[in-house]
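# Descriptive structure summary
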Amino acid sequence: MQSESARMSSAAEARFRVQGPNSTPRVIKIIALDAAAEVAVRRLANAGWRHATFFTAKSPDDALSDLAGGHRSTEEEIERADLVVLIAGPGGHAYAAPIIGAACSARRVTTTGFVVDGMSASQPDLSKTLAQLRPWSLMVVIAGSDEYLDDMMTALRA
Amino acid sequence: MLRKEQNDLLTATGPDSPMGRMFRAYWIPALLADELPENDCPPVRVKLLSERLVAFRDTQGRYGLVDEFCAHRGVSLWFARNEECGLRCAYHGWKYDVTGQCIDVPSEPEASGFSKKIKLRSYPLIERGGVLWTYMGPAETPPPPPEWEFITVPRTQTFTTKRVQESNWLQAMEGGIDSSHVSWLHRGDLNSDPLFKGAKGNQYNLNDARPVFEVVESPGGLYIGARRNAEDGKYYWRITQWVMPSFTMIAPRGTHSVHGHFWIPIDDENCWAWSFDYHPIRELTEAEIAAMRDGKGIHVRYVPGTYRPLANKDNDYLIDRAAQKAGRTFSGVEGIAMQDASLQESMGPIVDRTKENLVSTDNGIIMARHRLLRAVKAFADKGVVPPGVDPVHQKVRSAAIVLPPDVPFSEGASEALIARPAVAPASV
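Before going into details, it helps to say that this report is about the structure given with it.

Quick look at the interface of chain A and chain B now. Listed as interface residues are 32 residues of chain A and, on the opposing side, 29 residues of chain B. By residue number, the principal contributor to the side of chain A that touches chain B is helix α6 (residues 123–133) of chain A, which donates 5 residues. In the side of chain A that touches chain B, the residues fall into 18 nonpolar, 11 polar and 3 charged. Alignment of strand β7 (residues 139–142) of chain A against strand β13 (residues 212–217) of chain B, held across 4 bridges, turns out to be parallel. Looking at the pairing, V141(A) lines up with V215(B) of β13(B).

Right, let's talk about the nonpolar core for a bit. I31(A), L33(A), V84(A), L86(A), I87(A), A30(B) and A55(B) are the most contacted members of the largest nonpolar core, which totals 144 residues. For this core, the element with the highest residue contribution is helix α10 (residues 363–382) of chain B, accounting for 7 residues. Counting residues in hydrophobic clusters, the runner-up holds 9 residues, among them A311(B), V333(B), A337(B) and M338(B).

Residues and elements named next belong to chain B. Strand order in this open sheet of 4 strands is β5-β6-β7-β8, and the pairing throughout is antiparallel. Single-partner strands in this sheet number two, and they are β5 (81–82) and β8 (102–104). The sheet contact formed by β5 and strand β6 (residues 87–88) spans 2 bridges and is antiparallel. What sits directly across from R81, in β6, is R88.

Turning next to the pairing of strand β15 (residues 235–243) of chain B. Residues and elements named next belong to chain B. Burial within β15 is extensive, with 9 of its 9 residues counted as buried. Side-chain alternation along β15 places Y235, W237, I239, Q241 and V243 on one buried face and Y236, R238, T240 and W242 on a second face that is also buried. In this antiparallel pair of consecutive strands, strand β14 (residues 221–229) and β15, the connection spans 5 residues, and D232 shows a positive phi of 55°. As defined by bridge partners, β15 adjoins strand β19 (residues 399–403) across 5 bridges and the pair is classed as antiparallel. Bridge pairing in β19 places I239 opposite A399. Both β15 and strand β16 (residues 247–250) contribute to a ladder of 3 bridges, which runs antiparallel. Along β16, the bridge assignment pairs W242 with T248.

Each value, and the rule that gives it
- Residues numbered from 1 in each chain as written.
- Chains lettered and ligands numbered in written order.
- Predicted model: local features only at pLDDT ≥ 70, side-chain atom pairs only at ≥ 80, totals over all residues.
- Contact = placed C-beta atoms within 7 Å.
- Helix = DSSP H or I, 4+ residues; strand = E, 2+ residues; numbered from the N terminus.
- Nonpolar A, V, L, I, M, F, W, Y, C, P; charged D, E, K, R; others polar.
- Pairing = 2+ DSSP bridges.
- Core = buried A, V, L, I, M, F, W, Y, C linked by C-beta atoms within 7 Å.
- Buried ≥ 20, exposed ≤ 12 C-beta atoms within 10 Å, placed from the backbone.

What follows is the structure, given as structure tokens:
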């Protein structure tokens, strides 16, 4: 007689897996921290995501803006988020990273940092950006192309 | 998650599939050299990339990997006699050389030249570092031979095993780059396994079960860094290498050997998990090799006479619920390799990735899929040689290293991530 593990890991048994949804949508906030990141975020926003919203935060004050330029409250947006993706270019200032990062940390919101054009950056520029993102990111991604963001968003069901 | 068509694209590796054609751009491990121990030894069945083949070593020591079935009546050449520079079918005596060329059809007059019209599909088979490698792509465009460091060091410094895993190759490979599971599934093994214990780096691991991750593209694939706090504000990094399509190399521990895997499709529902241990600058000790043979580290014990793990799905992986409850193992399954394999096989032969819910720490897996999908498309549409074919991409190492906090690990560990002869690995 087959063991339970042998029977249950067969292709035939896969037909009986529960077909209903096993999650509810997550709310994802994508925030550009500098001009280089804003280019990537604006391109990404045009792809029509259902559960993601897009912002810029390029100044050292507490200013979070939507892509139309409207002011948004950092606290309120973070309060509604399940995941915040901080995007920065190498060598930029990313002034808002500690403000947003601290808000996420206080509310236990997961953060991912993404470095745009990170593969072609000089080490000093990349170090500068990493110094800003690392303290606030559970995961940092350095990719050769910002097209990775599209696949990441799809994978995260944005 | 992946869309269904993406999942199908990456998991199907038969001869007519895009991913199967891309796998055929590489030299891949086919069997252990020990499986063909001497000239004219018995042939061995080999199934790779959904093709059934037979490997043999002829009278002059040449290796052959040919279609398993005789062109005459379809009999398996596993039954053939390996004699006088060829495999002779046991049914009617048709004989084939290592290239698959039929060289004798006893029932036909020799002068007829009939045998010249018969040729089985064959693939080159070369020995490197105790492993027999094959290239199953177009004969006119073979890549350079493999240059992985574990096969270029002296044989006394390297040890390789293989085991059957009853799942698609991708879910097995994704386990190799899923660094966030280590602190859970394998937490009991760092201080007990003879191939891991005693390293200073283990304490960093055990002090911090929630590392922070960084994923960085590399020329051949990815660097996946797991970061933990070290002394004086520095970071302890464990950097895994993934080289496309299916090579993974785990960060070393202390002075122990370095180890890693290849995940090679047998068919779409089974794969070979190749596991290697080597040390770049010293011989492996008898105790280390004995431990590897005993299934320690990333190796397994076998059902005698097979490459099937002793703990397998037919015996519920010998799960020990008492050990699980007592915390001796996290899942109740013993040994790192079978802890991984048991869970990956439980997903089913090909996991349905449309139903998964990935999280931020899964970016290594997301990035690997991203790179594979792009490489498959570029290879299929434009014939672009995929990453990992170039031997430069193969001369890599994993690393365990302590770095200042603002240094990109790909820069701070840049030399450590390259295989350099007679240079010790970066390990803590």
